[in-house]
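Coordinate inspection notes
Chain by chain, the residues run as shown.
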Amino acid sequence: MNSLLSNIEKTRLEMILLAHQYGYSNPSVVQCSQRLDLLLNVYHNKNIKH
């Protein structure tokens, strides 16, 4: 679980940096946002089961 949380935080920070650099609609930012969504969904699903 700690690895998942670490990945979420890393991806969130990456998305913020990319958004500041390229703007929110840049494909790289959107792709990173989608990765973050997937990670958050995994986290949410793991917490529902407990």
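Quick summary incoming for the structure in this document. (Residues numbered from 1 in each chain as written. Predicted model: local features only at pLDDT ≥ 70, side-chain atom pairs only at ≥ 80, totals over all residues. Heavy atoms only, no water.)

Assignment of secondary structure puts threonine 11 in helix α1 (residues 2–22). Of note is the side chain of threonine 11, whose polar atom sits 2.8 Å from the backbone oxygen of asparagine 7. With residues near it in sequence (within four places) discarded, threonine 11 still touches Cys32, Arg35, Leu36 and Leu39. (Helix = DSSP H or I, 4+ residues; strand = E, 2+ residues; numbered from the N terminus. Polar contact = N/O pair within 3.5 Å; in protein donor to acceptor, adjacent residues only side chain to side chain. Contact = heavy atoms within 4.5 Å.)

This brings us to the pattern of salt bridges. Considering all chains together, one arrives at two salt bridges under this definition. Between glutamate 9 and arginine 12 there is a salt bridge, with the nearest N and O atoms lying 2.7 Å from each other. Of this pair, glutamate 9 and arginine 12 are both found in helix α1, three residues apart, which corresponds to roughly one turn of the helix. For the salt bridge of glutamate 14 with arginine 35, the shortest nitrogen-to-oxygen distance reads 3.1 Å. Here glutamate 14, found in helix α1, pairs with arginine 35, found in helix α2 (residues 27–48); they are 21 residues apart in sequence, far enough to count as distant. In this structure arginine 35 comes out as partly exposed when scored by relative accessible area, which is 34%. (Salt bridge = Lys/Arg side-chain N within 4 Å of Asp/Glu carboxyl O. Buried < 20%, exposed > 50% of the residue type's maximum accessible area, 1.4 Å probe, protein only.)

Structural measurements only, silent on function.
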